[in-house]
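Each chain, letter by letter, is given below.
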Amino acid sequence: MMNYQEVLDFLYTQLPMYQRVGKVAFKKDLTNTLRLSDRLDNPHKKFKSIHIAGTNGKGSTSHMLASVLQSAGYKVGLYTSPHLRSFKERIRVNGQEVKESFVSDFVNNHKESIEEIAPSFFEITVVMAFEYFAKERVDIAVIETGLGGRLDSTNIIRPELSVITSISLDHQDMLGNTLSDIAREKAGIIKQHVPIVVGKLPFEALKEIRIVAKEKRAFLSEPGLKKEHSLQLISDLSPEVLRLNLDTVVRAVGLLNENGIAISESNFRDGIKHVVSKTGLKGRWQTLRDSPLTICDVGHNEEAVSWLMHQIRQIQYNKLHMVWGAVSDKSVEKIFPLLIKDCEYYFCAANVPRAMKVEKLTSTAKEFGLSGKAYHSVDNAYQTALKEASDGDLIFIGGSTFVVAELKDL
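Note that the coordinates shown come from a computational prediction; the quantities given were computed from them, not determined experimentally.

Peer 1: I'm lost on the sheet that holds strand β8 (residues 220–221) in this one. Help?
Peer 2: Taken together, 8 strands build an open sheet; the order of strands is β4-β3-β2-β5-β1-β6-β7-β8 and the sheet is mixed. Across the chains shown, the open sheet's two edge strands, defined by having one partner strand only, are β4 (96–97) and β8. In terms of strand pairing, strand β6 (residues 161–164) meets strand β7 (residues 196–198) through 3 bridges, oriented parallel. Counterpart to Ser162 in the pairing with β7 is Ile196.

This is the structure in structure tokens:
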């Protein structure tokens, strides 16, 4: 019998893991997930669910909905990925991380099936989450897709509601090179007669979603003109992230109410007010220190980075210090033109095989007029930035989820 640490080592090293190796871990169908789930008597059929996809915003939207449902008195499962500090972050019930004993027992009890079916890291983790939610008898689970939608391992569920938060160019090597292609992949989560809520989408993408929604006879809720909710709510989530996703959450809650999942206005306000404390959300425009002001964010594609640079420009500071890393399968040539030039950069590489070598990152950055030094660890880069920054300065850490994950202050 493996203990918890041995189980983690087995999951991380024996199974193909997208976080570590990238595209080769991405499966082209749901066969393994369905086979493994069938061995466990299909736990995903034993609880209600909400399914959330999107290029950006799906993590914060998932946490907001989970928090609101908790405030309404429901026992709520929450499945998200990737994790930042601990594997257990991926699977929560009412904000509490999955027990180590459950993770160990799950892998030990099903090791024979795992070795026979040979699922990826993500496939086994999804089925583990569904088994935990069934065992804990959750009233409803909020399930975030990992990548895409149609072929994502989470897509074996039939939810009460589907949500697509945003669509922009990301993971083109797996999802397609155009917004239409990516929209079709995300639209794969739309089920027959199951309502679908979308955030603000480019028209090219929205057109594809409308086609699939019509085919599936799924009611489609699109953004309206009313934005009066956005500025009236207090939250422990940053106002910037709140504004970005709140309209989507408001409409999702409205549809849940119409479908018998009762949530009052006071439940909604309480859930939004306490998103971070109720769910443990991290890494979304998160303030780590007040002096010097230090903020981190996991956003890493073009749409997210553009938004982050806009947010940074809204802050008054004396000097900007940027701790920045990237993964090797992302096109930094598209990201670097978006970054603020009047800034001291601390280039670094996270401790994962997919991380871009810091020498390449630094030399490419110079071609785009970004000046800074190379550091071989995130912590070294971050600690140097803290030493060099004055009280009136701003430190920002980002570029990759893996960079943020290695911050000791997180």
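Next comes the rest of the account.
Peer 1: Where do I start with empty space enclosed by the protein in this structure?
Peer 2: Rolled over the atoms, a probe sized like a water molecule indicates the empty space that remains. As enumerated under the stated definition, the model contains 1 cavity of 30 Å³ or more in all. Approximately 60 Å³ is the volume found for the largest cavity. The wall of the largest cavity is formed by His300, Trp324, Ala326, Val327, Lys330, Val332, Ile335, Phe336 and Gly399. Looking at side-chain class alone, the lining of the largest cavity contains 6 nonpolar, 2 polar and 1 charged residues.

Peer 1: Would you mind going over the side chain of Thr80 with me for this structure?
Peer 2: Relative to the assigned elements, Thr80 resides in the loop between β2 (76–79) and β3 (91–93). In contact with Thr80, not counting residues within four places along its chain, are Ser62, His63, Glu89, Arg90 and Glu144.

Peer 1: I'm lost on the pairing of strand β11 (residues 320–324) in this one. Help?
Peer 2: Where a strand is regular, its side chains alternate between the two sheet faces. Most of β11 sits inside the fold, with 5 of its 5 residues counted as buried. In this structure, β11 lies alongside strand β12 (residues 344–348), joined through 4 bridges in parallel fashion. By the bridge assignment, Trp324 is partnered in β12 with Phe347.

Peer 1: Explain helix α16 (residues 358–367) here, please?
Peer 2: In an α-helix there are 3.6 residues to a turn, and that puts residues three or four apart on one side. Among the residues of α16, those classed as buried are Val358, Leu361, Thr362, Thr364 and Ala365. Its buried side turned inward, α16 meets β11, α15 (332–335), β12 and β13 (372–375). Once α16 finishes, Gly369 follows within two positions and takes phi at roughly 75°, a positive value.

Peer 1: Even after reading the chapter, I still don't get the environment of Lys319, so can you show me in this structure?
Peer 2: Among the structural elements, Lys319 can be located in the loop between α14 (302–313) and β11. The spatial distance from the C-alpha of Lys319 to the C-alpha of Asp393 is 4.8 Å, given a sequence separation of 74 residues. Setting aside its immediate chain neighbours within four residues, Lys319 contacts Glu344, Asp393 and Leu394.

Peer 1: Before we go on, may I ask you to explain unusual backbone geometry in this structure?
Peer 2: Trans is the common state for peptide bonds, and a negative phi is the common state for residues other than glycine. A cis amide bond links Ser81 with the next residue in sequence, Pro82, at an omega value of -10°. Backbone geometry places Asn42, a non-glycine residue, at a positive phi of 50°. Along the polypeptide, Asn42 turns up in the loop between α3 (31–39) and β1 (48–53). Residue classification places Asn42 among the buried residues on the basis of a relative accessible area of 16%. The backbone phi angle of Arg137 is positive, close to 55°, even though this residue is not glycine. According to the relative accessible area criterion, Arg137 is exposed, its value standing at 71%.

Peer 1: Please explain the pattern of salt bridges as it appears in this structure.
Peer 2: Pairing is possible between side chains that carry opposite charge, provided their charged atoms lie close to one another. Taken as a whole and judged by the stated rule, the model has 16 salt bridges. Salt-bridge contacts for Glu185 lead to Arg150; the nearest nitrogen and oxygen are separated by 3.1 Å. With Glu185 in helix α9 (residues 179–186) and Arg150 in the loop between β5 (140–144) and β6, the pair connects residues that are 35 residues apart, well separated along the chain. Residue Glu185 is classed as buried on the basis of its relative accessible area of 13%. Overall, the relative accessible area of 40% leaves Arg150 in the partly exposed class. Across the pair Lys408 and Asp379 runs a salt bridge, and its minimum N-O distance is 3.6 Å.

Thresholds applied
Residues numbered from 1 in each chain as written. Predicted model: local features only at pLDDT ≥ 70, side-chain atom pairs only at ≥ 80, totals over all residues. Heavy atoms only, no water. Pairing = 2+ DSSP bridges. Helix = DSSP H or I, 4+ residues; strand = E, 2+ residues; numbered from the N terminus. 1 Å grid on protein atoms, 1.4 Å probe; cavity = no way out; pocket = protein on both sides within 12 Å on 5 of 7 lines; lining within 4 Å. Points joined across faces, edges and corners; volume = space filled by probe spheres on them. Nonpolar A, V, L, I, M, F, W, Y, C, P; charged D, E, K, R; others polar. Contact = heavy atoms within 4.5 Å. Buried < 20%, exposed > 50% of the residue type's maximum accessible area, 1.4 Å probe, protein only. Salt bridge = Lys/Arg side-chain N within 4 Å of Asp/Glu carboxyl O.

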